[in-house]
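What follows is each chain in one-letter form.
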Amino acid sequence: MSTVDSALDIDRQPFESLFTPLLSSAYGAALRLVRTRPDAEDLVQEAALQAFRAYHTFQPGTNFKAWFFRILTNCFISRYRRNRKERDDLALDDIEDLYLYRRTVEAGIHGLDTSPVQTLLGKLDEEQIGEAMARLPADYRAVATLYFIEDFSYEQIAGVMGCPIGTVRSRLHRARKMLQRALWQVAVDQGLVSRLTAPEAS
Amino acid sequence: MKSEKIDPLTCEEAVARLDDYIDRELSEEEMRRVRHHLETCAGCAGHFRLEEDVLQQVRDKMRRIAVPGDLMARIQKRLEGE
């Protein structure tokens, strides 16, 4: 290794030592945001590159994870805006409380030792949950991803998204309801509800 | 032991606080008011349990993600090019 290469390695080291432990959650969040693995890999790489370029603006001692996720989310939002062919599948109308519970009971889903909702969710795999997330509009998906994958508080989400806490609270409230409806729609679309309510399923 | 007086909530008021209660985003006083309501209202207690259960199951499944083994190496390669 040349002296120049060594110097560059030393330059990257502080960034990499903070970024490497975040890779798993960054990729997890990216996959929920963009749905496919190749797109998630691209998004994480793009965010890592932008974060490295902007690393001189990071204040040591502050929260690197929140700083990096802000960059990741911004990359996603700007990519989404560039690529409007992606549809917002779900209308933003009111969705009743306990949506998933009501649908599963109405459909006659039941399990031996579990509630109807638990029975349905137990049958949905990670891919199908991802498909349901992908049906949320981008801004709602971003808030829901930070909430579900990262356990960020409302205040931290507000910091990452650059919006007031009240906006996070109302988006998250609607995102949870939209996600319940999307989970139900995925279960219907993929024949899971029919299988669970077929005579031999009981 | 001194008992604290709690300003009771109606079912509608309790349900309006459901998300914030589950996420522990309410003040101590508000958390106490919701808890008190749930101790005395089986309907709302069941409603809250169902919501928490859905959130937990979704959260658990969303987190089961394997990172591609070579992703960090690819990122390092791109950083080297900077």
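This text goes with the structure placed above it.
These figures come from a predicted structure and were not determined experimentally.

Chemist: Just checking my understanding: could you explain the overall build of chain A for this structure?
Modeler: Secondary structure assignment for chain A yields 11 helices and 0 strands. For chain A, the succession of helices and strands along the chain, N to C, is α-α-α-α-α-α-α-α-α-α-α. Classification of the 202 residues of chain A by burial places 51% in the buried group. A separation threshold of at least 6 residues defines the contact pool for chain A, and within that pool the share at least 24 residues apart is 69%. Accessible surface, chain A: about 9700 Å² in total, of which carbon and sulfur atoms supply 50%.

Chemist: I would appreciate a short explanation of the overall build of chain B in the present structure.
Modeler: What chain B contains, in helices and strands, is 5 helices and 0 strands. Secondary structure elements of chain B occur, N-terminal to C-terminal, as α-α-α-α-α. Over its C-alpha atoms chain B spans a radius of gyration of 22 Å, topping by over 25% the 12 Å that the globule rule assigns to 82 residues. Reported as C-alpha extents along the three principal axes, the dimensions of chain B are approximately 65 × 25 × 25 Å. Of the roughly 5100 Å² that chain B leaves accessible, carbon and sulfur atoms contribute 49%. The distance from the centre of the 15 positive side-chain charges to the centre of the 19 negative ones in chain B is 5 Å.

Chemist: Is there a simple way to explain the interface of chain A and chain B in this structure?
Modeler: Size of an interface, as often reported, equals the accessible area lost when the parts are brought together. Taken residue by residue, the interface counts 48 residues in chain A and 32 residues in chain B. In this assembly, chain A packs against chain B so that about 3800 Å² is buried in total across both faces, 60% of it on carbon and sulfur atoms. Of the charged contacts, one joins R176 of chain A and D23 of chain B as a salt bridge, the two residues approaching to 2.8 Å between their closest N and O atoms. The tally of links between chain A and chain B comes to 22 residue pairs in polar contact (both at pLDDT 80 or more). Mapped by element, the contributors of at least two residues to the side of chain A that touches chain B are α1 (3-19), α2 (23-34), α3 (37-53), α5 (99-107), α6 (116-123), α7 (126-134), α8 (138-150) and α10 (165-189) of chain A. Ranked by the residues each element gives to the side of chain A that touches chain B, the list is headed by α3 of chain A, at 9 residues. A breakdown of the residues in the side of chain A that touches chain B according to their chemical character gives 24 nonpolar, 10 polar and 14 charged.

Chemist: So what exactly am I meant to see when it comes to the packing of aromatic side chains here?
Modeler: How two aromatic rings sit relative to each other is set out by the distance from centre to centre and by the angle between their planes. According to the stated counting rule, one finds 16 aromatic pairs over all chains in the structure shown. Pairing F69 of chain A with F152 of chain A gives two aromatic rings, centres 5.8 Å apart and planes at 85 degrees, and the pair type is edge-to-face. Note that F69 of chain A is positioned in helix α4 (residues 64-82) and F152 of chain A in the loop between α8 and α9 (154-161), a separation of 83 residues in sequence. Here a set of aromatic residues connected by ring pairs shows up, and it is made of F15, F19, F52, Y55, F58, F64, W67, F68, F69 and F152 of chain A. One cation-aromatic arrangement involves R103 of chain A over Y99 of chain A; the distance from NZ or CZ to the ring centre is 4.7 Å. Over the face of the ring belonging to Y147 of chain A we find R59 of chain B, whose NZ or CZ atom lies 5.1 Å from the ring centre.

Chemist: Would you take a moment to explain the environment of E155 of chain A for this structure?
Modeler: Tracing the sequence through the fold places E155 of chain A in helix α9. With 50 residues separating them in the primary sequence, E155 of chain A and V105 of chain A have C-alpha atoms 36 Å apart.

Chemist: I keep staring at α6 of chain A and nothing clicks. Help me out?
Modeler: Given 3.6 residues to a turn, an α-helix orients residues that are three or four positions apart in the same direction. Taken together, the buried positions of α6 of chain A are P116, V117, T119, L120 and L121 of chain A. Buried residues along α6 of chain A sit in contact with α5, α10 and α11 (192-197) of chain A together with α4 (42-62) of chain B.

Chemist: Can you help me understand the pattern of salt bridges in this one?
Modeler: Close approach of charged atoms allows side chains of opposite charge to pair. All names here are of chain A. Within this structure, the stated rule accounts for 24 salt bridges over all chains. Of the charged contacts, one joins R12 and E16 as a salt bridge, the two residues approaching to 3.5 Å between their closest N and O atoms. Pair noted here: R12 and E16 are both in helix α1, with a separation of 4 residues, about one helical turn. One salt bridge in this structure joins R103 and E96, with 2.8 Å as the shortest N-O distance. Here the salt bridges share partners, and the residues they tie into one network are R35, E127, E131, R135 and D189.

Parameters at a glance
- Residues numbered from 1 in each chain as written.
- Chains lettered and ligands numbered in written order.
- Predicted model: local features only at pLDDT ≥ 70, side-chain atom pairs only at ≥ 80, totals over all residues.
- Heavy atoms only, no water.
- Helix = DSSP H or I, 4+ residues; strand = E, 2+ residues; numbered from the N terminus.
- Buried < 20%, exposed > 50% of the residue type's maximum accessible area, 1.4 Å probe, protein only.
- Contact = heavy atoms within 4.5 Å.
- Areas by Shrake-Rupley, 256 points an atom, 1.4 Å probe, with all protein chains shown as cover.
- Rg over C-alpha atoms; globule rule 2.2 N^0.38 Å.
- Lys, Arg positive; Asp, Glu negative; His and termini not counted.
- Charge placed at Lys NZ, Arg CZ, Asp CG, Glu CD.
- Buried area = accessible area lost by both parts, 1.4 Å probe.
- Salt bridge = Lys/Arg side-chain N within 4 Å of Asp/Glu carboxyl O.
- Polar contact = N/O pair within 3.5 Å; in protein donor to acceptor, adjacent residues only side chain to side chain.
- Nonpolar A, V, L, I, M, F, W, Y, C, P; charged D, E, K, R; others polar.
- Phe/Tyr/Trp six-rings, centres within 6.5 Å; stacked < 30°, edge-to-face > 60°.
- Lys NZ or Arg CZ within 6 Å of the ring centre and 35° of its normal.

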